[in-house]
Structures are given as structure tokens and as C-alpha cells.
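For reference, the chains in residue letters:
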Amino acid sequence: CQYTGWAFGNSWRRASQGEHLVPTGIWWARDRKALEAFLADGEVQTFLPGEGILGRVLADARPQWVVDIGSDANCPRARSAAQSGLRSAFAFPVRAGIEVAAILEFLTSDLILPDAELLQLVEQIGVQLGRVIERKRAEEKLVYEALHDPLTGLPNRALYMQDVKTALRRGRRDPENLFATLFLDLYGFKLVNDGLGHAAGDQLLIECAERLQKVLVDQTSGAAAEGRRWPRWTLARLGGDEFTVLLDGMDTRDQASEVAQMMHQALKPSYVFDAQEVFIGSSIGIAHGSSDYLDVMDL
């Protein structure tokens, strides 16, 4: 905005679910009070491809310019722009690969004809910003893959160990903090794997992970609805048919046993693969944490 001398700059991002744009809450205004109506409108607006200047940028993946917002028939914010004294606007995409990841938008109180040089400049800026996003996404993907099980999407051994280390450190600082680790092993998994094939075995592990996670999510939601405290938790797949659970910040040691019983029950109903009904069992060992443990592996 300082470079162009324009009154207002705003940023939008593509929604994580869907093809529409949502506000980021990141903006700059030369005179905030004068732009109150436009700011309030922008907080609640979303844009579909082709809708307004932002939607056109989203659809075409190219910079767009509007000389007079008030006379633009395809401008959902025309009224609030007029109330705020805004006239001309341009916007350009930030592209991550072929995807428009975000859009930057600028408006001014003057009527200004399209500036080809400025549009060319901001298009290059959008490309550079897009490369930053691509690099950031690649880094996040690498970190995620290094710490999560590719089959179930659960945390893996490395991430689980990190969380247990954190619980141990917390326990040393606060001996009143109760935590426990649960180690779960499935009965009958090898029979499914050998008898029905690895695809059925993989699906069984995925369904088991979903049932175990549902137990913890449901308990967390129920406790929140009732105003009760529920432990922080991590559900992980260590490998094969072995799962672990960390419960950190329990009210009583009995909570670990209660969770284990719920998980036993959740795994009992049958699983069906190619019209073949399968039943499996589980054993769960519980180790209660204390400041006596010096190492995660000891626990």
C-alpha cells in the first residue's frame, strides 16, 4: 500500500475445504475509521470462483483490475465500498503450483485506469510468494510423514516418544500430574493377514485405529460438554498390530483402566471383509508414570 499509495490492502486465502475464498484477517488501512463499513463487510464475506474481482482472480489465476467498483455489476461489496469512499481496485493471485492459494487485494479512493506495468509487477510478486508457500508445504509434508504412520494417519513411534518425554518432564516439575501409557496388542491379526490377505489386514488396522480414536474423541467431547477435565492424549501406532496411548493430566489413576476397558469394548464388534465376518481381541498393558522414571524406554 505504501508503494502504490493506495488506501487499503487485504489478503484472502482459499478455504481448506471447498473452492471459495475466506478472509485471513490480515490487512492494512490508511484510515481505519473511514473504512469501517468495508472492513466489517470483509470479515463475513466469502467468494466463489467468478464472484467479484476476487472470484475472477480465483477463476482465471491472473491479476484483475476494476476502475470503478460502484459501477461493477459483479461486486458483492459495492455498497460498503461506496460508503467507505473506495473506487478502484486490483487484485492478484499467489499461486502454489497451478493452485491459487491466496489473493492480495488493493483499493483506493481515486478512479485509476489499469496500470499494465503494475499488474506485471504484482503477478511476479505472486509467483515469488507462491514459491514460498510451495516450499513451506513441502517442509510441512516431510515433517508430517516423518512423525505419522502412513497407513492409519496416527502418530508414529517417534512422535509418541516425544510426547511421552514431554509428560515425563512435566511429571518431574509437578509430581501431582498423573499420566499413564497404554500398550495395546491385537489378537487374531495374523490370522486375518494370512487368511484374507494383506489388504484385509491393512483395512483391519485402519478400522481398529478409527475405533480407538473414537473412544478418546467421544470422551474428550463428553467431558467438555459436562465441564469436566479430560487428560491430554496421544494415540499412536508403533508398528504391526501394536498401538499405544498416552494419557497426560489424569484426575485419578483409575482413568487409565477406564479407557482400557472402553477400548476393549470398542474393538469387540465384528469386522467384515469380502462377506467374511471377523472377530479379534486385544490385550492392554498400563504403565503409570512417575518421577522415578528417568527414560522413556524404561516406562
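Our subject is the structure listed above.
Just so it is clear, the structure is predicted and the values come from calculations on it, not from any experiment.

S.K.: Can you lay out the overall build of the protein for me, pointing to particular residues and giving the numbers?
M.R.: Within the protein, the secondary structure is distributed over 8 helices and 11 strands. For the protein, whose C-alpha radius of gyration is 27 Å, the value lies well above the compact-globule estimate of 19 Å for 299 residues. When the backbone C-alpha atoms are referred to their principal axes, the protein occupies close to 75 × 50 × 35 Å. Pairs at least 24 apart in sequence give 63% of the contacts found in the protein among residues at least 6 apart. Roughly 16,200 Å² of accessible area belongs to the protein as shown, and the carbon and sulfur atoms make up 52% of that amount. Here the protein holds 31 positive side-chain charges and 41 negative ones, and the gap between their average locations is 4 Å.

S.K.: Let's hear about the packing of helix α7 (residues 198-226) against helix α8 (residues 254-267): which residues, and what values?
M.R.: Interaxial distance between α7 and α8 falls to 9 Å at its minimum, and their mutual angle equals 135 degrees. What the angle tells us is that α7 and α8 run oblique. Where α7 crosses over α8, the handedness of that crossing is right-handed. Every residue of α8 that contacts α7 at C208, R211, L212, V215, L216 and Q219 is listed here: V259, M262, M263, A266 and L267.

S.K.: Quick one: what's the story with the environment of S257, residue by residue and with numbers?
M.R.: Tracing the sequence through the fold places S257 in helix α8. Linking S257 and L182, residues 75 residues apart in sequence, is a C-alpha distance of 9.1 Å.

S.K.: Please set out unusual backbone geometry residue by residue, giving values where relevant.
M.R.: Of note in this structure, A61 is not a glycine but carries a positive phi near 55 degrees. As for its placement among the helices and strands, A61 is situated in the loop between α2 (52-60) and β3 (64-66). Looking at A61, the relative accessible area reads 16%, which means it is buried.

S.K.: Could you give me a rundown of helix α5 (residues 157-173), with the residues and numbers involved?
M.R.: Taking 1.5 Å of rise per residue, the 17 residues of α5 would be expected to cover 24 Å, and the 24 Å separating its terminal C-alpha atoms lies within 8% of that figure. The complete set of buried residues in α5 reads L159, Y160, M161, V164, A167, L168 and G171. Where the residues of α5 are buried, they touch α4 (116-147), β6 (178-187), β7 (232-239) and β8 (242-250). Two or three places before A158, at the opening of α5, N156 has a side-chain oxygen 3.1 Å from that residue's backbone nitrogen.

S.K.: Before we move on, can you summarise the pattern of salt bridges with the specific residues and values?
M.R.: Applying the stated criterion across every chain, the model contains 15 salt bridges. In this structure, the salt-bridge partner of R137 is E99, at a minimum N-O distance of 3.4 Å. Of this pair, R137 sits in helix α4 while E99 sits in strand β5 (residues 99-108), and the two are 38 residues apart along the sequence. Using a relative accessible area of 28% as the deciding quantity, one classes E99 as partly exposed.

S.K.: Would you mind going over the sheet that holds β8 in detail, with residue names and values included?
M.R.: Pairing within the open sheet is antiparallel, and its 4 strands lie in the order β7-β8-β6-β11. The two strands at the open ends of the sheet, each matched to only one other strand, are β7 and β11 (281-288). Ignoring strand direction, the axes of neighbouring strands in this sheet form an average angle of 20 degrees. Across 8 bridges, β6 lies against β11 in antiparallel orientation. From the neighbouring strand, A180 faces β11, where its bridge partner is H288. Contacts between α8 and the sheet are confined to β6, β8 and β11, with β11 contributing the most and set at about 165 degrees to the helix.

Each value, and the rule that gives it
- Residues numbered from 1 in each chain as written.
- Predicted model: local features only at pLDDT ≥ 70, side-chain atom pairs only at ≥ 80, totals over all residues.
- Heavy atoms only, no water.
- Helix = DSSP H or I, 4+ residues; strand = E, 2+ residues; numbered from the N terminus.
- Rg over C-alpha atoms; globule rule 2.2 N^0.38 Å.
- Contact = heavy atoms within 4.5 Å.
- Areas by Shrake-Rupley, 256 points an atom, 1.4 Å probe, with all protein chains shown as cover.
- Lys, Arg positive; Asp, Glu negative; His and termini not counted.
- Charge placed at Lys NZ, Arg CZ, Asp CG, Glu CD.
- Axes fitted to C-alpha atoms, helices over the stretch in contact; angles between N-to-C directions.
- Parallel < 35°, antiparallel > 145°, perpendicular 65-115°, else oblique.
- Left-handed = near helix turned anticlockwise from the far one by under 90°.
- Buried < 20%, exposed > 50% of the residue type's maximum accessible area, 1.4 Å probe, protein only.
- Expected span 1.5 Å × (residues − 1).
- Polar contact = N/O pair within 3.5 Å; in protein donor to acceptor, adjacent residues only side chain to side chain.
- Salt bridge = Lys/Arg side-chain N within 4 Å of Asp/Glu carboxyl O.
- Pairing = 2+ DSSP bridges.

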